[in-house]
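Each chain is listed here by its residues.
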Amino acid sequence: MTFKLNRSSLIGLLAFGMCSGHALAQDNIAFEGYKLSVGAGMVSAGGTSTTTGTGSFDSSSESESSTGTGTYNINSSSSFNPNNFVGRLELGYDWAVNENGILGLSLSKDFRSSNTSSNLVSSLTLDETTCTAICSSSASFRSSPSIIMDGPYALAFRAGYATTKNSMLYAKISYAQSKLTGEFNKTVRGAGLGLGFEANLSESWFMRGELEAIQYAAFDATTALTGTGDFTSGSVTDRIKLRSNAARIMIGVRF
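About the cut-offs
- Residues numbered from 1 in each chain as written.
- Predicted model: local features only at pLDDT ≥ 70, side-chain atom pairs only at ≥ 80, totals over all residues.
- Heavy atoms only, no water.
- Helix = DSSP H or I, 4+ residues; strand = E, 2+ residues; numbered from the N terminus.
- Buried < 20%, exposed > 50% of the residue type's maximum accessible area, 1.4 Å probe, protein only.
- Contact = heavy atoms within 4.5 Å.
- Areas by Shrake-Rupley, 256 points an atom, 1.4 Å probe, with all protein chains shown as cover.
- pLDDT = per-residue confidence, 0-100.
- Polar contact = N/O pair within 3.5 Å; in protein donor to acceptor, adjacent residues only side chain to side chain.
- Patch = residues over 30% accessible without salt bridge, like charges linked within 9 Å, V, L, I, M, F, W, Y side chains within 5 Å.
- Salt bridge = Lys/Arg side-chain N within 4 Å of Asp/Glu carboxyl O.
- Phe/Tyr/Trp six-rings, centres within 6.5 Å; stacked < 30°, edge-to-face > 60°.
- Lys NZ or Arg CZ within 6 Å of the ring centre and 35° of its normal.
- Core = buried A, V, L, I, M, F, W, Y, C linked by side-chain atoms within 4.5 Å.

Novice: Help me out: how do you make sense of the overall build of the protein in this one?
Specialist: On a plain count of helices and strands, the protein comes out with two helices and 13 strands. The burial tally for the protein puts 40% of its 255 residues in the buried class. Within the protein, contacts between residues at least 6 apart in sequence are counted, and of these 72% link residues at least 24 apart. When the accessible area of the protein is evaluated, it comes to approximately 13,600 Å², of which 60% is carbon and sulfur surface.

Quick look at the structure:
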């Protein structure tokens with residue numbers, strides 16, 4: 001038996017292939033387009049602080065039984081982990097790249113509740129290293145500074161896989177920027193990783209659930225010591241590392 005491929009047969013095969021490819025691609029085409037979504041979730045935005053520094057005292061002017069000079073050595077650490085209910089607004093676009101693959105970009109803004117400040121408590125240890133008699137002095141610095149994180153704004157890239165026509169699993173990486181107020185007026189930047197699930201509710205509406213973790217770059221904040229008695233001078237430096245872990249649910253429209 002011989003098989004002859006003529007022009008009509010070739011056109012028929014191409015048409016069949018295009019229809020088949022279109023059918024296979026329906027899974028991810030259902031997720032393609034611009035997307036505007038809103039949502040909310042619980043965010044644990046905390047961090048750690050390592051405090052180091054020195055201060056000086058001079059007791060030679062107090063009395064004959066209280067002579068000598070020395071330093072206070074300060075070395076402590078603390079952590080804080082407040083939970084906040086946070087809203088989010090996000091705009092993005094998704095592309096269908098093969099039969100099941102989706103790539104997307106998004107820009108988002110978090111809106112934190114008013115309960116966003118937390119206490120960063122650092123204990124202070126004084127080591128009067130060279131005092132040879134009774135030294136009457138003390139030193140202190142802030143004990144409960146307030147840290148308020150506004151944001152973040154985040155630019156994210158995600159890669160998804162359409163498991164069915166109306167469901168998708170995805171992973172995302174993001175660049176985030178937040179403004180700190182309170183004790184520290186500073187902009188911090190970080191990188192995030194996330195995992196999520198998206199489901200179509202109709203041709204236009206969808207729902208999404210995701211987990212995301214952001215780690216911000218550490219920064220240093222220096223504060224002067226204040227003291228009484230034999231205290232002369234000193235300062236401490238807090239090295240602060242902030243992070244944000246979020247679990248959120250969002251609903252949106254595709255257009």
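Novice: Before we go on, may I ask you to explain the confidence of the model for the protein in this structure?
Specialist: Any segment with low pLDDT has predicted coordinates that should not be analysed in fine detail. The predicted model of the protein has a mean per-residue pLDDT of 76, with 67% of residues at 70 or higher. By mean pLDDT, helix H1 (residues 7-24) is the weakest element of the protein at 42, and strand S10 (residues 205-216) is the strongest at 96. Low pLDDT, under 50, characterises residues 121-127; the predicted model gives this stretch 24 contacts beyond four residues in sequence or across chains.

Novice: Any chance you could explain the side chain of Arg158 here in plain terms?
Specialist: Residue placement: Arg158 occurs in strand S7 (residues 146-164). Arg158 gets classed as buried once you look at its relative accessible area, which sits at 11%. At a separation of 3.0 Å, a polar atom in the side chain of Arg158 contacts the side chain of Glu198. Filtering out sequence-adjacent residues up to four positions away, Arg158 remains in contact with Lys35, Asp94, Ile102, Leu103, Gly104, Met168, Tyr170, Ala171, Lys172, Glu198 and Arg208.

Novice: Is there a simple way to think about a nonpolar patch on the surface in this case?
Specialist: Among the surface-exposed residues, Tyr34, Leu36, Val38, Leu89, Leu91, Phe111, Leu201, Trp205, Met207, Ile249, Ile251 and Phe255 lie close enough to one another that they form a single nonpolar patch of about 1,200 Å² accessible area. With three residues, the single largest contributor to the nonpolar patch is strand S1 (residues 33-58).

Novice: Sorry, what's going on with the packing of aromatic side chains here?
Specialist: Pairs of aromatic rings are described using the distance from one ring centre to the other and the angle between the two planes. For the structure on display, the rule yields three aromatic pairs. For the ring pair Tyr34 and Phe255, a centre distance of 6.0 Å and an interplane angle of 15° mean the geometry is stacked. Of the two residues, Tyr34 is situated in strand S1 and Phe255 in the segment after strand S13 (231-254); the sequence distance between them amounts to 221 residues. Residue class for Tyr34 comes out partly exposed when judged on its relative accessible area of 47%. On the numbers, 4.8 Å between centres and 65° between planes, the contact of Tyr93 with Trp95 is edge-to-face. What makes Tyr93 partly exposed here is its relative accessible area of 22%. Stacked on the ring of Phe206, the Lys or Arg Lys35 has its end atom at 5.1 Å from the ring centre. The positively charged end of Lys109 is found above the aromatic ring belonging to Tyr153, 5.0 Å away from the centroid.

Novice: Explain the environment of Glu210 to me, please; I cannot follow it from the model alone.
Specialist: In this structure, Glu210 sits in strand S10. With near-sequence residues (within four places) excluded, Glu210 lies in contact with Arg88, Tyr170, Lys172, Leu195, Gly196, Ala246, Ala247 and Arg248. Among the polar contacts listed, one links the side chain of Glu210 to the side chain of Tyr170, at a separation of 2.6 Å. A distance of 3.4 Å separates a polar atom in the side chain of Glu210 from a polar atom in the side chain of Lys172.

Novice: Can you help me understand the nonpolar core in this one?
Specialist: Ranked by size, the top nonpolar core spans 17 residues in total, and within it Met149, Leu180, Phe184, Tyr216, Phe219 and Leu242 carry the most contacts. Elements supplying a minimum of two residues to this core: S1, S7, strand S8 (167-182), S10, strand S11 (219-224) and S13. By size, the runner-up hydrophobic cluster in this structure holds six residues, among which are Phe31, Ile102, Ala162 and Met168.

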